[in-house]
Amino acid sequence: VLPGTWQPMAFSKDGRTLVAWNGQATVAFFNVATLEPYQEFPLEARRFGPRAWPSLSAELDTMAEGLTNGHVKLWNTRTHESTLLRVSEGPVGFATLSPNGHELVTGGFKQPLRWWDLRAGTNFVIAAEAQRVLFAPDGRTMAIFSWREPTQLWEVATRSVRTTLTPGQSAGFAAA
């Protein structure tokens, strides 16, 4: 058992590392065999409202942290270096990385959903508003969840809607 109130975020592909977040100010990389943290990342202080979950690439080498000042902090988890990306005028509700760490989708309360190509430094608006975005593990499909609109499945390579799912009643945002 991990000491404290850690919430699991991801496993490394080899299963030797567990990344967990304490829900407040730290993301830590734990050795699964010893349950000892070997790497920690201090997150920005957040005074009001719920904190958005940090997001990781599949290789665990990039982490995105949405900030209240309209920026996303992009961490290189190998070097501990970080850069800031201005994504909105208000607090960032979520910042979801693609598995390869090259794509980022950002959004928040009353903010447009933006799809970022981090290598090219470009972005475009893909929806008026959404509450959650998930990438498939292979990085080829992206799901957009919204309270008001049906769930959309996007083809990442072409950046186009593949299909729309309209549940008979609210399905919420749970998906795997």
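Quick note: structure is the one above.
A few points on the structure. (Residues numbered from 1 in each chain as written. Predicted model: local features only at pLDDT ≥ 70, side-chain atom pairs only at ≥ 80, totals over all residues. Heavy atoms only, no water.)

### A few points about the overall build of the protein chain
Stated formally: Secondary structure is summarised from DSSP: a helix means a run of H or I of at least four residues, a strand means a run of E of at least two, and numbering begins at the N terminus for each. Atoms considered for the radius of gyration are the C-alpha atoms alone. The globule rule reads 2.2 Å times the number of residues to the power 0.38. We call a residue buried when its accessible area falls under 20% of the maximum for its residue type, exposed when it is over 50%, and partly exposed in between, using a 1.4 Å probe and counting protein chains only. Any two residues having at least one pair of non-hydrogen atoms within 4.5 Å are treated as being in contact. The protein chains shown are the only cover counted for residues, whose accessible areas, like all others here, come from Shrake-Rupley with a 1.4 Å probe. Charge counting treats Lys and Arg as positive and Asp and Glu as negative, with His and both chain ends excluded. Note that the charge is assigned to NZ on lysines, CZ on arginines, CG on aspartates and CD on glutamates.
Helices and strands together make up the secondary structure of the protein chain, namely zero helices and 16 strands. Scaling as 2.2 N^0.38, a compact globule of 176 residues should have a C-alpha radius of gyration of about 16 Å, and the protein chain matches this with 16 Å. Projected onto the principal axes, the alpha-carbon positions of the protein chain cover approximately 45 × 30 × 30 Å. Buried positions account for 43% of the 176 residues belonging to the protein chain. A sequence separation of at least 24 residues applies to 28% of the contacts in the protein chain between residues at least 6 apart. Total accessible area on the protein chain stands at roughly 10,000 Å², and carbon and sulfur atoms take up 54% of it. Here the protein chain holds 16 positive side-chain charges and 15 negative ones, and the gap between their average locations is 5 Å.

### Structural notes on the packing of aromatic side chains
Keep this limit in mind: Two rings belonging to Phe, Tyr or Trp (six-membered ring only in the last case) form a pair when the distance between their centres is within 6.5 Å. Interplanar angles under 30 degrees mark stacking, angles over 60 mark edge-to-face geometry, and anything in between is tilted.
Tallied over the entire structure, the rule returns seven aromatic pairs. When the centroid spacing of 5.7 Å and the interplanar angle of 55° are considered together, the rings of Phe-29 and Phe-41 count as tilted. Here Phe-29, found in strand β3 (residues 26-31), pairs with Phe-41, found in strand β4 (residues 37-42); they are twelve residues apart in sequence, far enough to count as distant. We note that Phe-29, like Phe-41, is buried. Through a chain of ring-to-ring contacts, three or more aromatic side chains come together here, namely Phe-29, Tyr-38, Phe-41 and Trp-75.

### Points about unusual backbone geometry
Positive phi, normally seen in glycine, also occurs at Leu-35, with a value near 60°. In this structure, Leu-35 sits in the loop between β3 and β4. The backbone of His-80 sits at a positive phi, close to 70°, despite the residue not being glycine. The residue His-80 is located in the loop between β7 (71-76) and β8 (82-86) in this model. Judged by its relative accessible area of 36%, His-80 is partly exposed.

### Quick look at the sheet that holds strand β11 (residues 111-117)
Two orientations exist for strands paired in a sheet by backbone hydrogen bonds: parallel and antiparallel. To keep things clear, this is the line we draw: Strands are treated as partners if at least two bridges between them are detected by DSSP. Helix axes are fitted to C-alpha atoms over the stretch in contact, other axes to C-alpha atoms as well, and angles between N-to-C directions run from 0 to 180 degrees.
Strand order in the open sheet formed by four strands is β9-β10-β11-β12, with antiparallel pairing between adjacent strands. On the outer flanks of this sheet lie β9 (94-97) and β12 (122-127), each paired with one strand and no other. For this sheet, the mean inter-axis angle between neighbouring strands, taken without regard to orientation, is 25°. Here strand β10 (residues 103-108) pairs with β11 via five bridges, running antiparallel. Bridge assignment links Val-105 to a residue of β11, and that residue is Trp-115.

### Examining the nonpolar core
This is how it is decided: The criterion is simple. A nonpolar core is a set of buried Ala, Val, Leu, Ile, Met, Phe, Trp, Tyr and Cys residues joined through side-chain atoms within 4.5 Å.
Counting 13 residues, the largest nonpolar core has Val-105, Leu-113, Trp-115, Ile-126, Val-133, Met-142 and Ile-144 as its most contacted members. Once you skip the residues sitting within four places of it in the chain, Trp-115 turns out to touch Glu-103, Leu-104, Val-105, Thr-122, Asn-123, Phe-124, Ile-126, Met-142, Trp-154, Glu-155, Val-156 and Arg-159.

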